[in-house]
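# Structural description and commentary
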Amino acid sequence: MSFSFNFHDEDADSNISVSDQTNALSNYEPAIEPELVDLELLLGSLVGKRLTYEEVNISGRYKVFRREFSDVKHQLMMEDDSSNEEVQILLGQTNEDLRSNVYEGGLKSWECAYEVVDFIKNEDNQLFPSSNRLNVIEIGCGTSLPTCSILEELLNTSNTETSITLTDYNAPVLRLVTVPNLIINWALKKLEPSRLKELQQAKTEATPGIIIEEPIRDGEIFLSRGIIRNFLENLTAHHVTLNLISGGWSEKFLQLVKLSLNNSIQNTLIITSETIYQPKMLPVISEILIELTTTVPNTKTIVAAKDIYFGVGGSVVDFTSYLDSQIRKRSLDLHYQVQRLTDVPRSLIRLKTTSQMSLEDFDGFLSQSFVAEKFANDLLLATNNVDDDDLDILTSPKRLSFDIKELQDLLAKFVSSNSTRLVTQLSHISELKKTHEGLNVRQINSSFKRLENDFIIPYDDALKLYSALKRIHATSNLLRNASYYVFLLQQLESIFDQNEFDKPPFNDLVKFTQISTNLDLHVQDASSLMSLQLVKDYQPVHRKRTVFIVDIASTLLSQITADSSKQSIANICFTLATLADNNFLNCIQSLLDDYTSKSSQAIVKTLTSPKTIVSSMEKVSHLAKAIYHLSKYMQETPFPKLSQTYDQYCQEKLNYNSDLFTHFWRQVALFIGPKFRETISRGGPVAKALKNSSQQYKLAITNGIIQSGDDITENSIPVTMMINAIRVLNN
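One structure accompanies this document, and this report is about it. Every chain begins its residue count from 1, and numbering advances along the sequence as written. Since the coordinates come from a predicted model, pLDDT governs what is reported: local features require at least 70, and pairs of side-chain atoms require 80 or more to be given and counted, while whole-chain, interface and lining totals use all residues. Based on all heavy atoms of the structure, the side-chain values leave hydrogens and waters out of the count.

### Section: the overall build of the protein
Basically, it comes down to this: Secondary structure is summarised from DSSP: a helix means a run of H or I of at least four residues, a strand means a run of E of at least two, and numbering begins at the N terminus for each. Partly exposed residues are those whose accessible area sits between 20% and 50% of the maximum for their type, while under 20% is buried and over 50% is exposed, using a 1.4 Å probe and protein chains only. Whether two residues are in contact is decided by their heavy atoms, any of which lying within 4.5 Å being enough. Under the convention used here, a 1.4 Å probe and the Shrake-Rupley method define accessible areas, while residue burial counts only the protein chains that appear.
Secondary structure summary: the protein contains 26 helices and 11 strands in total. Looking at the protein as a whole, 49% of its 731 residues qualify as buried. Here the contacts in the protein between residues at least 6 apart in sequence split such that 75% fall between residues at least 24 apart. Here the protein has roughly 37,000 Å² of accessible surface; of this, 52% comes from carbon and sulfur atoms.

Here you go:
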């Protein structure tokens, strides 16, 4: 069987290496001009809003609260600016998580934010200075969960002085989730329940037009003027100032951040999470972090990111490669450490100037588990990009030489500050030396000569023979491993030649996934393969093809319908979960958000025309049936390489407390319930018509839910939740 490899990268000539971009920041003009956001005006726009929140459990040890995504969508719909392109994306009408230069995904809590919270809460990391005086900057803050955790620590401490600066590309994100999440976490963690209840009583306040007749339910906070006033007073009492910046990264953005700092505070902590995913923006965010870390005194920077962003192109290796190139070119006083997280393909990168380093930074070299060969291999991997044709073997020794120089400097400081102790130890050594002066050296040498002739020389000869045999054996193993590698490549090439990845039931997706997984495991087990030029050439191609397959599977998962076969659903889920489990989770969440939004809006539209409820529920039932088929498969099938089912895995990672089908109907019920109550409370002909149609609504909703699943009855949980959501029609 003959075949050929097409390794040519069509984009190779047009791509610019990140290390070649010297004026990335000064040459970049953002689509949205950066500007300060007025905190008082923003808080004023939140008065009278009822926020629905959910608890997020992190590592089983900490909890933070965030506003529910469906609640944000509800507010956007009520504000009725659906013609705005940004709002359309936020509402999920375009099936996009983000769009470059329009919306950068700030409404969602991305995975690395949880890792940063875990890192912040770990007291061993010593992020908070003993003086309790700190500048905090969160770049690309989005839902601001890390800052919520920092604020909790600060408000539990006396004699603090803190300046917090939160930045996000989109100003609506700051208004819809960033500041609301700060208030929610403050209210739930700092206020006594009785005090919180008292502050939410809007009727007792001079707030014309804002009177809430419904009781505050669990999982809700009503933003009264009292809540907001007490939030600001609490910040002031703890000497905490809050600054907000919206817009794109640029020189002006950098200046606004610097101006927001309290220059009397000598320590600064910078946090940024999931901001290095776009290769074209990587030099821009890198330059901002370099500038702030190296010019603002005593600054520590934490960058959290996925190791590789499938479908987008960014990676931790690209980021550290850019840092290395700038450290070399500009002789920057900058040091970084990459902490790869266990069990997940994510990393934390810590940046600081070399003057801030201490002996603690070299603890890894003293660990009993330290293996020089493994460390050298990891260092080579960290300083090389799989997309590059050439192997960089110069950067690793240079980085080690920097570490050696820094360690020598630290040792010199230690010697100068501990000279008395060292002199005492040297005197003990001198006494020990005198003890051995009386030994007969000639007799020892004679005995050693006999040992050398009789044992050491023959043993050395045997070692040389053994070494030669090992090399022959290693070469033989390498050839066998290479043969199996080529065999797997033949199978992959055959699948790509057929090009039937989008043909139901998508069996070729599974074939590629299984062979690709075997290929990756083989390269991992036989690391010597990476010394072969064939393997080095093919790995970037294989990576791009994997991204291509992940994109196809992601698109197919977002398009499943009630007519999708069980085998199609199984093949799509297996492919995505195996190759990119984070993409699988994001696609499940996006699909659920999309179908929930479409179903909720279809039911809400019937409020002004109750006669259409039957036809609307038929459409909703069709969407729900797709969720039902997916949910059933997820409940019955183990997640790849885990003992959990797909359903258990999603419940754990996405913080659901039920199967996907039940969760879907719960979200719909949570959305339509307030809309029905608002319409009835306004009264008039519309409310009267709705009440007259209560039985028609109950019957249509019940039948629609029953028709969406094979084993669903009128007593099932989804039916109960939906009927409860419209019970106001019976009042």
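### Considering the sheet that holds strand 9 (residues 299–306)
To be explicit about the condition: Note on pairing: two strands pair once DSSP finds at least 2 bridges between them. Between N-to-C directions, angles span 0 to 180 degrees; the directions come from axes that are lines fitted to C-alpha atoms, helices contributing only their stretch in contact.
An order of 1-7-5-4-8-9-11-10 is seen for the eight strands of this open sheet, with the pairing classed as mixed. A single partner strand is all that each edge strand has here, and the edge strands are strand 1 (35–37) and strand 10 (335–340). This sheet shows a mean twist of 20° between the axes of neighbouring strands, independent of strand direction. Here strand 8 (residues 268–273) pairs with strand 9 via six bridges, running parallel. Each residue of the ladder has a partner; that of Ile-271, found in strand 9, is Ile-302.

### A few points about the sheet that holds strand 3 (residues 62–67)
Ordered by their spatial adjacency, three strands build an open sheet running 3-2-6, and the pairing between neighbours is antiparallel. Two strands lie at the open edges of the sheet, namely strand 3 and strand 6 (220–222), each paired on one side alone. In this sheet, adjacent strand axes meet at a mean angle of 35° when their direction is disregarded. For strand 2 (residues 50–58) and strand 6, the ladder comprises three bridges, and the chain directions are antiparallel. Directly across from Thr-52, in strand 6, lies its bridge partner Glu-220. Contacts from helix 2 (residues 69–79) reach strand 2 and strand 3, with the element oriented near 20° to strand 3.

### Comments concerning the packing of aromatic side chains
Using the following cut-off: Within 6.5 Å between ring centres, the rings of Phe, Tyr and Trp (the latter by its six-membered ring) count as paired, and their orientation is classed by plane angle as stacked under 30 degrees, edge-to-face over 60, tilted in between.
Enumeration over the complete set of coordinates arrives at 17 aromatic pairs. Between Tyr-53 and Phe-65, the ring centres sit 5.8 Å apart and the planes meet at 90°, which makes this aromatic pair edge-to-face. One end of the pair, Tyr-53, is in strand 2; the other, Phe-65, is in strand 3, with 12 residues separating them in the sequence. You can call Phe-65 buried: its relative accessible area is 7%. Judged by centre distance (5.6 Å) and plane angle (90°), the rings of Phe-676 and Tyr-697 are edge-to-face.

### Thoughts on the side chain of Arg-66
As for its placement among the helices and strands, Arg-66 is situated in strand 3. Here Arg-66 falls in the buried class, since its relative accessible area comes to 11%. When near neighbours in sequence (up to four residues on either side) are disregarded, Arg-66 contacts Thr-52, Tyr-53, Glu-54, Val-56, Ser-109, Tyr-114, Leu-145, Asn-181 and Asn-655.

### Quick look at the environment of Asp-594
With respect to the element layout, Asp-594 can be found in helix 20 (residues 581–604). For the pair Asp-594 and Leu-623, spaced 29 residues apart in sequence, the C-alpha separation works out to 10.0 Å.

### Side note on the side chain of Arg-545
Mapped onto the secondary structure, Arg-545 falls in helix 18 (residues 533–558). For Arg-545, the contacting residues outside a window of four places in its chain are Glu-493, Phe-496, Phe-512 and Tyr-538.

### Structural notes on helix 22 (residues 646–653)
Let me state the cut-off plainly: The arc in question is the one traced by the directions running from the helix axis out to the C-beta atoms.
Restricting attention to buried positions, one finds in helix 22 the residues Tyr-646, Asp-647, Tyr-649 and Cys-650. Each buried residue of helix 22 sits inside an arc of 160° when the element is viewed along its axis, so together they form one side. The inward-facing, buried residues of helix 22 abut helix 19 (566–579), helix 20, helix 21 (613–636) and helix 23 (660–682). Downstream of helix 22 by a residue or two, Asn-655 has a phi angle that is positive, lying close to 60°.

### Some thoughts on helix 9 (residues 251–260)
Of all the residues in helix 9, the buried ones are Phe-253, Leu-254, Leu-256, Val-257 and Ser-260. When helix 9 is viewed along its axis, its buried side chains cluster within an angular range of 160° and face the same direction. The inward-facing, buried residues of helix 9 contact strand 1, strand 4 (133–139), strand 5 (161–168), strand 7 (240–246) and helix 10 (282–295).

### Some details on the packing of helix 10 against helix 11 (residues 316–330)
Rules: Every angle not falling under 35 degrees, over 145, or within 65 to 115 is termed oblique; those three ranges are roughly parallel, roughly antiparallel and roughly perpendicular. Whether a crossing is left-handed or right-handed is set by the direction in which the near helix is turned from the far one by less than a right angle, anticlockwise for left-handed and clockwise for right-handed. Charged means Asp, Glu, Lys or Arg here, nonpolar means Ala, Val, Leu, Ile, Met, Phe, Trp, Tyr, Cys or Pro, and polar covers whatever is left, Gly included.
Packing of helix 10 against helix 11 brings their axes to within 10 Å, and their N-to-C directions diverge by 55°. Considering their axes alone, helix 10 and helix 11 lie oblique with respect to each other. Helix 11 is crossed by helix 10, and the crossing has right-handed handedness. Residues Leu-282, Pro-283, Ser-286, Glu-287, Leu-289 and Ile-290 of helix 10 form the contact with helix 11, whose own contacting residues are Asp-318, Phe-319, Tyr-322, Leu-323, Gln-326 and Arg-330. Here the residues of the contact of helix 10 with helix 11 are counted per class, giving seven nonpolar, two polar and three charged.

### A short note on the pattern of salt bridges
Going by this rule: Salt bridge, as applied in this entry: a Lys or Arg side-chain nitrogen positioned within 4 Å of an Asp or Glu carboxyl oxygen.
Counted according to the given criterion, the structure contains 20 salt bridges. The partner of Glu-153 in a salt bridge is Lys-121, and the shortest N-O contact between them spans 3.2 Å. On the criterion of sequence distance, the pair formed by Glu-153 in helix 5 (residues 145–155) and Lys-121 in helix 4 (residues 111–121) is long-range, its members being 32 residues apart. Between Lys-511 and Asp-508 there is a salt bridge, and its shortest N-O distance comes to 3.8 Å. Residue Lys-511 and its partner Asp-508 are located together in helix 17 (residues 507–525), separated by three residues, close to a single helical turn.

### Considerations on the pairing of strand 5
Defined as follows: Note on handedness: a crossover is taken as right-handed if, strands pointing away from the viewer, the path from the first strand over the helix to the second is clockwise.
With seven of eight residues buried, strand 5 is to be regarded as a mostly interior element. Where the polypeptide runs from strand 4 across helix 5 and back to strand 5, its parallel neighbour, the crossover connection is right-handed. Judged from the seven bridges that link them, strand 5 and strand 7 form a sheet pairing that is parallel. The residue of strand 7 that forms the bridge with Thr-165 is Asn-243.

### Focus on the environment of Pro-146
Inspection of the secondary structure puts Pro-146 in helix 5. Here the alpha-carbon distance between Pro-146 and Asp-118, two residues 28 residues apart in the chain, equals 8.8 Å. In this structure, Pro-146 is in contact with Ala-113, Val-116, Val-117, Ile-120, Glu-138 and Ile-271, ignoring residues within four places of it in sequence.

### Quick notes on the packing of helix 21 against helix 23
It is at 8 Å that the axes of helix 21 and helix 23 come closest, and there the two elements cross at 145°. On the side of helix 21, the interface is formed by Met-617, Val-620, Ala-624, Ile-627, Tyr-628, Leu-630, Ser-631 and Met-634, while helix 23 contributes Leu-660, Phe-661, Phe-664 and Trp-665. Grouping the constituent residues of the contact of helix 21 with helix 23 by class yields 11 nonpolar, one polar and no charged.

### Observations concerning the nonpolar core
Our working rule: We call a set of buried residues a nonpolar core when its members are Ala, Val, Leu, Ile, Met, Phe, Trp, Tyr or Cys and they connect through side-chain atoms within 4.5 Å of each other.
The biggest cluster of nonpolar side chains holds 86 residues, and the ones touching the most others in it are Leu-557, Phe-584, Leu-630, Trp-665, Ile-672, Phe-676 and Met-722. The element contributing the most residues to this core is helix 21, with 11 residues. In contact with Leu-630, not counting residues within four places along its chain, are Leu-557, Ile-560, Ile-569, Cys-573, Ile-588, Leu-591 and Leu-660. Core analysis: the next-biggest nonpolar cluster, separate from the first, contains 48 residues, Leu-43, Phe-231, Val-240 and Ile-271 among them.

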